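# Report on the structure
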Amino acid sequence: MAKAINIIQPDDWHLHLRDGALLQSVLPESTRHFNRALIMPNLVPPVVNSQDAIAYKQRILNVMPEGAKFEPKMTFYLTEDTDPKDLTSAFESGLITSVKLYPVGATTNSESGVKNFDNVHNILERMTEIGCPLCVHGEVTDEDVDIFDREAVFIERILDPIRQKFPNLKIVLEHITTINGVEYVKSAEHNLAATITAHHLFLNRNHIFIGGIRPHYYCLPIAKREKHRLALREAATSGNKKFFLGTDSAPHLDTLKETACGCAGCFTASNTMALLAQVFEDENKLNKLEGFTSRHGASFYNVPPNTGRLTLIKTDEPVSFPKNLTTAAGNVTIFAPNQAIYWRVSDNTT
Ligand code: DOR
Ligand code: ZN
């Protein structure tokens with residue numbers, strides 16, 4: 001039986017577009033379905049000031065596919081040297097939408113991240129005053145903390161003290177992976193939300209090791225136990241406005257993932273919407289999909305929902321997604337879900 005749903009066009013509130021040849025090839029994978037995306041600043045070197053953000057935005061616009069209406073929303077990479085004055089003018093002029101906090105060493109290109117959180121208090125204070133949201137990679141990097149505990153420990157040791165000190169600072173806990181993250185966000189009265197990726201709704205930590213090591217299921221924060229995955233699915237499909245989509249689509253060349261020390265990241269821009277339709281249908285919550293992908297994030301960032309629409313169609317046979325994206329720099333593997341997907345985005349989406 002044919003079945004279709006039509007929703008407000010979605011936004012991606014956490015996206016890695018990279019630069020150069022990779023940017024040019026991955027950008028259409030996002031512009032095809034999404035109207036806006038929050039662009040992560042972890043380039044080498046990172047996007048740390050207005051000059052960098054203007055230049056990076058221009059490089060994105062320069063390779064925009066013809067006819068695309070996509071709006072890249074830029075971010076600064078928070079460092080201990082971020083200039084509050086520059087940040088203020090960048091936010092107030094609309095150049096940036098938020099600031100991203102990476103604890104030093106937490107993930108790909110986080111070498112310039114924050115070591116001592118006390119050293120960014122003046123910046124957080126200014127962000128509070130001007131209403132600029134802080135997007136947080138919520139993992140501690142202390143070597144003595146187990147990789148599977150890093151999110152829970154971050155919430156306790158870093159995030160909660162920041163929220164106590166700056167209760168009026170708007171914060172997004174990015175790509176949550178644990179029941180601890182879900183509960184913490186649910187319990188906050190205001191000014192706290194979380195993004196959830198599609199891949200964390202499919203993967204638990206076993207999936208990374210089934211039949212051998214699977215580098216394309218390795219991302220950060222790493223997938224956790226099954227009970228955490230189930231909590232994420234419940235949160236994403238619940239209709240709670242504090243949870244919204246940020247794909248964390250993070251392309252890396254296959255040569256850099258399929259190697260002795262492979263990079264973290266799943267490339268999901270191409271098939272996220274189909275994957276999510278499957279999740280929401282499996283949870284009997286298709287009626288909550290639009291909130292998660294197209295309303296809650298816009299509301300958090302104080303922008304109107306998109307006027308465009310997107311149609312998803314239920315298929316009789318499992319959909320076979322392309323295995324990879326060819327770029328001038330090499331191949332990038334597209335996230336292959338660990339279950340059959342019976343949804344695809346309609347070509348007639350407006
Ligand atoms: O898996 C990840 N990849 N997690 C991140 O936080 C960064 C991202 C990347 O930039 O590759
Ligand atoms: Zn990311």
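In the block above lies the structure referred to throughout.
This one's a predicted model, so the numbers in the text were calculated from it and none came from an experiment.

### Quick word on the coordination of the zinc ion (ligand 2)
In a perfect tetrahedron of four donors around a metal, the angles come out at 109.5 degrees. In a perfect octahedron of six, they are 90 or 180 degrees. Taken together, the protein ligands of the zinc ion (ligand 2) are H14 (NE2), H16 (NE2) and D248 (OD), with distances of 2.0 to 2.1 Å. When the donors of the zinc ion (ligand 2) are listed by position in the chain, the intervening gaps give H-x1-H-x231-D. Of this pair, H16 sits in the loop between β2 (11-15) and α1 (20-31) while D248 sits in the loop between β9 (243-245) and α9 (254-257), and the two are 232 residues apart along the sequence. D248 shares its class with H16; the two are buried.

### Some points on unusual backbone geometry
Here the bond from V44 into P45 is cis, since omega is -5°, no more than 30 degrees from zero. Cis rather than trans, the peptide bond between L220 and P221 has omega equal to -5°. Positive phi, close to 65°, is recorded for N191, a residue that is not glycine. By the secondary structure assignment, N191 is in the loop between α6 (179-187) and β8 (192-196). The phi torsion at N302 lies on the positive side, around 60°, for a residue other than glycine. Residue placement: N302 occurs in the loop between α11 (289-300) and β10 (309-314).

### Considering the pairing of β8
For β8, the tally of buried residues reaches five of five residues, placing the bulk of the element in the interior. By the alternation rule, side chains of β8 split into L192, A194 and I196 and A193 and T195, which are all buried. Relative to β8, strand β7 (residues 171-173) runs parallel, the two sharing three bridges. Across the sheet, the residue bridging to I171 is L192, located in β8.

### Considering the site of ligand 1
Not every one of the 14 residues close to ligand 1 is listed here, only the nearest: R18, N42, T108, L220 and H252. N42 is positioned such that a nitrogen or oxygen atom in its side chain is 2.9 Å from an oxygen atom of ligand 1. In this structure, an oxygen atom belonging to ligand 1 sits 3.2 Å away from a side-chain N or O atom of H137. Tallied by class, residues from the shell around ligand 1 come to four nonpolar, eight polar and two charged.

### Examining the pairing of strand β4 (residues 71-77)
Burial of β4 is extensive: six of the seven residues sit out of reach of the surface. Two strands pair when backbone bridges link them, and strand β3 (residues 36-39) and β4 are joined in this way by three bridges, in the parallel orientation. From the neighbouring strand, A37 faces β4, where its bridge partner is P72. For the handedness criterion, the β-α-β arrangement of β3, helix α2 (residues 50-62) and β4 is classed as right-handed. Inspection of the sheet shows β4 paired to strand β5 (residues 96-101) by four bridges, in the parallel sense. Opposite F76, over in β5, you have V99 as the bridge partner. Following the chain from β4 across helix α3 (residues 84-92) to the adjacent parallel β5, one finds a crossover that is right-handed.

### What to know about the packing of aromatic side chains
Tallying each qualifying case throughout the model produces seven aromatic pairs. Between W13 and Y301, the ring centres sit 4.5 Å apart and the planes meet at 20°, which makes this aromatic pair stacked. A residue pair is termed long-range when its members are at least 10 positions apart, and W13 in strand β2 and Y301 in the loop between α11 and β10 qualify at 288 residues. Y301 matches W13 in its accessibility class, with the two residues each being buried. With centroids separated by 5.5 Å and ring planes inclined at 45°, the aromatic side chains of Y217 and F335 adopt a geometry described as tilted. On the criterion of sequence distance, the pair formed by Y217 in the loop between α7 (199-202) and α8 (226-236) and F335 in the loop between β12 (330-333) and β13 (343-345) is long-range, its members being 118 residues apart. What makes Y217 buried here is its relative accessible area of 11%. In textbook terms, an aromatic cluster arises when at least three aromatic residues are bridged by ring pairs, as seen for W13, F244, F300 and Y301. Here K170 stacks its cationic end above the ring of F300, 4.4 Å away from the centre of that ring. Above the ring of F148, the side-chain terminus of R205 is found at 4.6 Å from the ring centroid.

Definitions and cut-offs
Residues numbered from 1 in each chain as written. Chains lettered and ligands numbered in written order. Predicted model: local features only at pLDDT ≥ 70, side-chain atom pairs only at ≥ 80, totals over all residues. Heavy atoms only, no water. Donors = N, O, S within 2.8 Å, 3.2 Å for Na, K, Ca; no water. Helix = DSSP H or I, 4+ residues; strand = E, 2+ residues; numbered from the N terminus. Buried < 20%, exposed > 50% of the residue type's maximum accessible area, 1.4 Å probe, protein only. Pairing = 2+ DSSP bridges. Near = heavy atom within 4 Å. Polar contact = N/O pair within 3.5 Å; in protein donor to acceptor, adjacent residues only side chain to side chain. Nonpolar A, V, L, I, M, F, W, Y, C, P; charged D, E, K, R; others polar. Right-handed = clockwise from strand over helix to strand, strands pointing away. Phe/Tyr/Trp six-rings, centres within 6.5 Å; stacked < 30°, edge-to-face > 60°. Lys NZ or Arg CZ within 6 Å of the ring centre and 35° of its normal.

Keep in mind these values describe shape, not function.
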